[in-house]
Amino acid sequence: MTEQRGGALLRTASSPGRATFLELFFDLVFVFALTRVSQRLIDGLDGSAGAVAADVGKTLLLFLVLWQVWTLTTWVTSRYEPERTVIQVVVVGTMFGSLVLGVTLPRALEERALPFALAYVAVMVGRPLLIAVALRGHPRRMVPLRLAAWAGFSAPLWLAGALMPGPRLALWVVALAVDHLGTLLGWPLPRLGASRVRQWLVAGEHLAERYQQIFLIALGESILVIGVTYSGKEFSGDAAVAFAISFVITALLWRIYFYRAGHLLAQALRTAGTPGRLAESAAQTHLFMVLGVIGAAVGYELVIAHPYDTARPDWLVFVVGGPALFLAARSRFEYEIFGRVSRPRLAGLLALVLLLPALVTVPAMFALGAVAVLLALVAFADARRAWHRPPESSASPIGREALGEGGPEA
């Protein structure tokens with residue numbers, strides 16, 4: 001009886017595949033949190049090349065904390081019924097913790113380290129423990145208990161780093177490595193073994209929609225950056241052109257993402273023999289695509305604020321590097337869905353890289369315009385390839401194999 005009551009928390013074949021309004025509400029926090037990531041990057045661009053590189057690395061560490069929280073929450077709502085009160089409490093609690101992370105993130109490695117670490121540890125330890133209690137005697141309760149145990153391993157490192165400014169960065173790097181290693185290995189424990197994500201039963205349509213939504217969140221953060229930056233300046237023709245080009249690039253990133261691999265992720269997950277493996281790979285790919293969009297957003301702010309200043313190398317890391325990272329990850333995404341990578345996409349990526357030395361000598365506006373032109377050519381090549389051809393279906397080479405002996409982790 002206890003096992004049956006705990007099992008009521010699990011998704012079934014009849015569960016709705018679409019993301020719930022609660023999950024969309026949850027995502028609003030991440031629109032805000034991602035603006036704090038880009039703002040922290042902007043604020044760190046005033047020093048030497050070494051200082052800028054160090055600040056980018058620190059901001060990446062903080063972003064990966066946010067990504068870990070968002071990803072694991074997505075897997076929770078894909079495995080458990082999001083309409084159940086316990087899961088709603090978990091999501092809302094995680095939402096508040098994520099809001100604290102976003103508020104403290106700009107100074108998380110300075111005076112706001114303790115609330116940042118406390119919020120993260122509370123989410124990472126509290127969330128799986130609450131789910132494990134709610135599952136009662138169900139066998140699947142061992143999965144969240146594994147997650148809680150690994151979060152407990154890293155928690156002292158997070159808290160020690162928050163309390164000791166000197167070794168803080170080193171301690172947090174090790175703590176985050178422990179958290180990500182746990183995710184990669186399936187949170188193995190003595191006698192219990194591991195529970196690899198790729199073996200989980202997942203709701204493919206739900207996961208696909210959530211990955212699409214985190215990409216749209218990143219695009220929404222870009223739109224917010226474009227609007228806030230331009231509205232804070234005196235309206236001028238130069239800034240207006242940079243404002244318009246930034247919007248065009250954002251629209252092109254949307255177009256390139258969704259045409260057509262972005263539309264077919266749900267189908268690919270639905271037809272995969274081991275959908276968990278494809279979902280795990282797609283999560284990693286979306287991490288880099290989102291990073292590319294955030295980097296591009298930093299470039300927008302720089303160019304709108306200084307349209308005719310000569311493009312500095314550290315500016316080009318974002319103006320050109322952001323879209324280049326997106327194209328590289330989008331190429332991998334195309335392989336995940338179709339088992340191939342189109343030549344125009346690779347050519348666009350190569351062109352961005354080869355243009356970098358020449359763009360150092362031109363105004364930032366011209367560099368932004370060159371990125372827009374190259375992305376437009378990639379989008380045009382995508383459309384031209386599909387003219388007079390029937391729509392493609394997914395043919396993912398990832399997760400094709402049938403589940404091995406023992407079946408999935410239910």
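Residues numbered from 1 in each chain as written. Predicted model: local features only at pLDDT ≥ 70, side-chain atom pairs only at ≥ 80, totals over all residues. Heavy atoms only, no water.

S.K.: Help me out: how do you make sense of the overall build of the chain in this one?
M.R.: Counting its secondary structure elements, the chain contains 14 helices and 0 strands. Starting at the N terminus and walking to the C terminus, you meet the elements of the chain as α-α-α-α-α-α-α-α-α-α-α-α-α-α. A globule of 410 residues ought to have a C-alpha radius of gyration of about 22 Å, and the chain, at 22 Å, matches this closely. In terms of overall dimensions, the chain has a C-alpha envelope of 70 × 60 × 35 Å along the principal axes. Per-residue burial for the chain yields a buried fraction of 52% across its 410 residues. Put simply, 81% of the contacts in the chain that link residues at least 6 apart link residues at least 24 apart. Accessible surface, the chain: about 17500 Å² in total, of which carbon and sulfur atoms supply 67%. Here the chain contributes 35 positively and 27 negatively charged side chains, and the mean placements of these two sets differ by 7 Å. (Helix = DSSP H or I, 4+ residues; strand = E, 2+ residues; numbered from the N terminus. Rg over C-alpha atoms; globule rule 2.2 N^0.38 Å. Buried < 20%, exposed > 50% of the residue type's maximum accessible area, 1.4 Å probe, protein only. Contact = heavy atoms within 4.5 Å. Areas by Shrake-Rupley, 256 points an atom, 1.4 Å probe, with all protein chains shown as cover. Lys, Arg positive; Asp, Glu negative; His and termini not counted. Charge placed at Lys NZ, Arg CZ, Asp CG, Glu CD.)

S.K.: I tried to follow the pattern of salt bridges on my own but got confused; where do I start?
M.R.: Between side chains of opposite charge, pairing is possible as soon as their charged atoms come close. Throughout the structure, instances matching the rule amount to 15 salt bridges. One salt bridge in this structure joins Arg40 and Asp55, with 3.4 Å as the shortest N-O distance. You can see Arg40 sitting in helix 2 (residues 21–43) and its partner Asp55 sitting in helix 3 (residues 49–79), a full 15 residues away along the chain. Summarising the burial analysis for this pair, Arg40 and Asp55 share the class buried. In this structure, the salt-bridge partner of Glu334 is Arg345, at a minimum N-O distance of 3.0 Å. On the criterion of sequence distance, the pair formed by Glu334 in helix 12 (residues 321–338) and Arg345 in helix 13 (residues 343–359) is long-range, its members being 11 residues apart. By the burial criterion, Glu334 is buried, and Arg345 matches it. Connected through salt bridges with shared partners, the residues Glu334, Arg340, Arg345, Asp382, Arg385 and Glu392 form a single ionic network. (Salt bridge = Lys/Arg side-chain N within 4 Å of Asp/Glu carboxyl O.)

S.K.: Explain helix 3 here, please?
M.R.: Since there are 3.6 residues in each turn of an α-helix, residues three or four apart along the chain are aligned in direction. Relative to the 45 Å expected for 31 residues at 1.5 Å per residue, helix 3 spans 45 Å between its end C-alpha atoms, a close match to the ideal helical length. With 22 of 31 residues buried, helix 3 is to be regarded as a mostly interior element. (Expected span 1.5 Å × (residues − 1).)

S.K.: What is the right way to look at the confidence of the model for the chain in this model?
M.R.: Of all residues in the chain, 96% have pLDDT values of 70 or greater, and the mean over the chain is 92. Of the regions scoring below 50 in pLDDT, residues 403–408 engages in 5 contacts with residues more than four places distant in sequence or in other chains. (pLDDT = per-residue confidence, 0-100.)

S.K.: I tried to follow empty space enclosed by the protein on my own but got confused; where do I start?
M.R.: The rolling of a water-molecule-sized probe over the atoms marks out the regions of remaining empty space. One pass over the full model with this rule turns up 4 cavities of 30 Å³ or more. Empty space within the largest cavity amounts to approximately 130 Å³. A per-element tally of the lining of the largest cavity places helix 3 first, with 4 residues. Its residues assigned to classes, the lining of the largest cavity comprises 10 nonpolar, no polar and 2 charged. Counted as a void, the second largest cavity has a volume near 90 Å³. In terms of lining residues, the second largest cavity is bounded by Gln68, Leu72, Met124, Arg127, Pro128, Leu147, Trp150, Ala151, Val178, Asp179 and Trp187. At the level of secondary structure, the elements contributing two or more residues to the lining of the second largest cavity comprise helix 3, helix 5 (113–135), helix 6 (142–163) and helix 7 (168–185). (1 Å grid on protein atoms, 1.4 Å probe; cavity = no way out; pocket = protein on both sides within 12 Å on 5 of 7 lines; lining within 4 Å. Points joined across faces, edges and corners; volume = space filled by probe spheres on them. Nonpolar A, V, L, I, M, F, W, Y, C, P; charged D, E, K, R; others polar.)

S.K.: Would you take a moment to explain the packing of helix 3 against helix 4 (residues 85–104) for this structure?
M.R.: Any two packed helices are characterised by the angle at which their axes cross and by the distance between the axes. Across the interface, helix 3 lies against helix 4 with an axial gap of 11 Å and an inter-helix angle of 170°. Our classification of the angle between helix 3 and helix 4 gives roughly antiparallel. Between helix 3 and helix 4, the residues in contact are Val65, Leu66, Val69, Thr73 and Thr77 and Val91, Thr94, Ser98 and Leu101, respectively. Tallied by class, residues from the contact of helix 3 with helix 4 come to 5 nonpolar, 4 polar and no charged. (Axes fitted to C-alpha atoms, helices over the stretch in contact; angles between N-to-C directions. Parallel < 35°, antiparallel > 145°, perpendicular 65-115°, else oblique.)

S.K.: In this structure, what is going on with unusual backbone geometry? I would like to understand it.
M.R.: Leaving glycine out, the prevailing phi sign among residues is negative, and the prevailing peptide bond configuration is trans. Here the amide bond leading from Tyr259 into Arg260 is cis, since omega sits at -10°, within 30 degrees of zero. Take Arg260: it is sitting in helix 9 (residues 237–271). For Arg136, which is not a glycine, the phi torsion comes out positive at approximately 55°. Considering the arrangement of structural elements, one finds Arg136 in the loop between helix 5 and helix 6. Of the residues examined, Arg136 reaches a relative accessible area of 40% and is grouped as partly exposed.

S.K.: Can you help me understand the packing of aromatic side chains in this one?
M.R.: Geometrically, a pair of aromatic rings is defined through the distance of the ring centres and the angle of the planes. Applying the stated rule across the entire model yields 18 aromatic pairs. Taken together, a centroid distance of 5.4 Å and an interplanar angle of 50° make the contact between Trp158 and Trp172 tilted. Of this pair, Trp158 sits in helix 6 while Trp172 is found in helix 7, placing the two residues 14 residues apart along the sequence. Across the pair, exposure class does not vary: Trp158 and Trp172 are buried alike. Between Tyr257 and Phe258, the aromatic rings sit 4.6 Å apart at their centres with planes inclined by 85°, giving edge-to-face as the arrangement. When sorted by exposure, Tyr257 lands in the same class as Phe258, which is buried. (Phe/Tyr/Trp six-rings, centres within 6.5 Å; stacked < 30°, edge-to-face > 60°.)

S.K.: Looking at this model, I keep getting lost on the packing of helix 3 against helix 10 (residues 275–305). Mind explaining?
M.R.: Two elements in contact, helix 3 and helix 10, have axes separated by 12 Å at closest approach and are oriented at 140°. The way helix 3 lies across helix 10 gives a crossing that is right-handed. For the pair helix 3 and helix 10, the contacting residues are Leu60, Phe63, Leu64, Trp67 and Trp75 in the first and Gly276, Ala279, Glu280, Ala283, His286, Leu287, Val290, Leu291 and Ile294 in the second. Here the contact of helix 3 with helix 10 is built from residues that sort into 11 nonpolar, 2 polar and 1 charged. (Left-handed = near helix turned anticlockwise from the far one by under 90°.)

S.K.: Honestly, the layout of surface pockets in this entry has me stumped. Any pointers?
M.R.: Within this model, the largest pocket holds a volume of roughly 370 Å³. Trp67, Gln68, His180, Thr183 and Gln284 are the residues nearest the centre of the largest pocket, which is lined by 18 residues in total. Breaking the lining of the largest pocket down by element, the ones donating at least two residues are helix 3, helix 7 and helix 10. Grouping the constituent residues of the lining of the largest pocket by class yields 12 nonpolar, 5 polar and 1 charged.

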